[in-house]
Amino acid sequence: IPPYLKRDSNDQDKTRYQTVYAHFNGSVAAPTAGLHFTPQVIRKLSEKNIRIDSVTLHVGSGTFVPVKSETIGEHPMHAEYVIINRSVVSDILKVTRENLTVVGTTSLRSLESLFWIGQKLLDNPDSDPNSLTVDQWQPYGTRKAPDVKESLSAILRFLEKNQLDQIQFHTRLIIVPGYSFKLVSRLITNFHQPSSTLLLLVSAFVGERWKEIYQYALDHDFRFLSYGDSSLLEISTLNHG
C-alpha cells in the first residue's frame, strides 16, 4: 500500500488494494481510480454498450515521490513500463476523443505517451521495438506535433512491419500546466495529495478550476488518496491539442 497511508499492509488490503481487472505482476501500486469498478459496475457498462479496453502500466515507486524542487523543471520524473495492444490503438482511432474516458491518471499518462511514441515512429519508423521511450519533456518543444491519426497510424504500421501485437515502451512523461492533451478528454480519478505529480496532472487537465474542485471536496468531507472518493473530470477547452 502507498506510504502516505502510514500503516502496515493487512490481509484485507490484498483484495481491497487491487482492481478486479488486474492480470499481470509488475506494478508496485494499483491504479486507485480503478478500485471503484466492481464486476457489477463493469457488467452494467457493458449492457449500455460501453466498450472497455485495457492497458498495462507497471507503476513504479517513483509515483509516490513528492515534488520538492523549487521549480517543476528540476523534478526528475520516474520511468514506467507500458504495454498497449494493437487492438486498443485501432479502437482509439475509431472514436472521437469526446467518447474516450480514461480511468486513472496512470491510464491517462499511458495513452498520452502512446501519442508521443507515434511521433517518434514517424521520425524513425525503423526504431528498435525494445528501446522505445518517451522523454520527460518531449511534448514541450516548439516543434509542431502530428495529428492523432498520423501518430496512431504510424504505430499500427510499425506493429505490422515488425509482426507485433503490442507496442511496448518506457515513459518518463510529466504532465504539467501548459501540456496540450492529444487523446483524452475525460478522466475518472481520486483526489490527490499536495505537492504530487498527480495533482500537477489534474491542474493541467482542468486548468485553474482544480482549486474550485478541490475546495468543494474539502468543504464536503470527501475522502482523499487511495481509498478515497472518485471524480469525473472534463478537460479544460484551453488544453485541447
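This structure is a prediction, so every number in the text was calculated from the model and none was measured.

J.: Quick question: what am I supposed to make of the nonpolar core here?
T.: As a rule of thumb, nonpolar side chains are buried together in soluble globular proteins. L114 and I167 are the most contacted members of the largest nonpolar core, which totals 49 residues. Elements with a contribution of two residues or more to this core: strand 2 (80-85), helix 3 (86-94), helix 4 (105-123), helix 5 (148-161), strand 5 (166-171), helix 6 (197-206) and helix 7 (209-219). Once residues lying within four places of it in the same chain are set aside, the contact partners of L114 are I84, V89, I92, S151, L152, I155, I167 and F169. Listed in part, the 5 residues of the second largest apolar core include V67, M77, I174 and V176.

J.: Looking at this structure, how should I read the packing of aromatic side chains?
T.: Think of a pair of aromatic rings as described by two things: how far the centres are apart, and how the planes are tilted against each other in angle. A complete count under the given rule lists 11 aromatic pairs for this structure. Considering the side-chain rings of F115 and W116, the 4.8 Å spacing of their centres and the 85° angle between planes classify their relative orientation as edge-to-face. Assigned by exposure class, F115 and W116 land together as buried. Cluster of aromatic residues (ring-pair linked, three or more members): F191, W210, Y214, Y216, F222 and F224.

J.: Looking at this model, I keep getting lost on the pairing of strand 5. Mind explaining?
T.: A regular strand carries its side chains on alternate faces of the sheet. What you see with strand 5 is a clean split: I167, F169 and T171 sit on the buried side and Q166, Q168 and H170 on the side with no burial. When strand 2 meets strand 5, the two strands line up antiparallel, connected through 6 bridges. Residue E80 lies in a different strand from strand 5, and its bridge partner there is T171. Two elements, strand 4 (residues 133-134) and strand 5, share 2 bridges in a ladder whose sense is parallel. When the bridges of strand 5 are listed, T133 appears paired with H170.

J.: Sorry, what's going on with the sheet that holds strand 6 (residues 186-190) here?
T.: Two modes of strand pairing occur in sheets, parallel and antiparallel, and in both the strands are linked by backbone hydrogen bonds. In space, the 3 strands of this open sheet follow the order 3-6-7, with mixed pairing throughout. Each of the sheet's edge strands pairs with one partner strand only, and the pair in question is strand 3 (101-103) and strand 7 (230-234). Adjacent strand axes in the sheet meet at a mean angle of 25°, parallel and antiparallel pairs treated alike. Where strand 3 meets strand 6, 3 bridges bridge the pair, whose relative direction is parallel. Opposite V103, over in strand 6, you have I188 as the bridge partner. Packed on one face of the sheet, helix 4 meets strand 3 and strand 6 and runs near 125° to strand 3. Sheet contacts for helix 6: strand 6 and strand 7; angle to strand 7, the most-contacted strand, approximately 40°.

J.: Just to check I follow, could you spell out the layout of surface pockets for this structure?
T.: Using a probe with the size of a water molecule, rolled over the atoms, empty space left in the structure can be pinpointed. Its volume calculated, the largest pocket comes out at about 1500 Å³. Lining the largest pocket are 46 residues, and of these Y21, D53, S54, V55 and S107 lie nearest its centre. Within the residue set of the lining of the largest pocket, elements represented by two or more residues are helix 2 (39-47), strand 1 (56-58), strand 2, helix 3, strand 3, helix 4 and strand 6. Partitioning the lining of the largest pocket into residue classes produces 27 nonpolar, 15 polar and 4 charged.

About the thresholds
Residues numbered from 1 in each chain as written. Predicted model: local features only at pLDDT ≥ 70, side-chain atom pairs only at ≥ 80, totals over all residues. Heavy atoms only, no water. Core = buried A, V, L, I, M, F, W, Y, C linked by side-chain atoms within 4.5 Å. Buried < 20%, exposed > 50% of the residue type's maximum accessible area, 1.4 Å probe, protein only. Helix = DSSP H or I, 4+ residues; strand = E, 2+ residues; numbered from the N terminus. Contact = heavy atoms within 4.5 Å. Phe/Tyr/Trp six-rings, centres within 6.5 Å; stacked < 30°, edge-to-face > 60°. Pairing = 2+ DSSP bridges. Axes fitted to C-alpha atoms, helices over the stretch in contact; angles between N-to-C directions. 1 Å grid on protein atoms, 1.4 Å probe; cavity = no way out; pocket = protein on both sides within 12 Å on 5 of 7 lines; lining within 4 Å. Points joined across faces, edges and corners; volume = space filled by probe spheres on them. Nonpolar A, V, L, I, M, F, W, Y, C, P; charged D, E, K, R; others polar.

What is shown is where atoms sit, not what they do.
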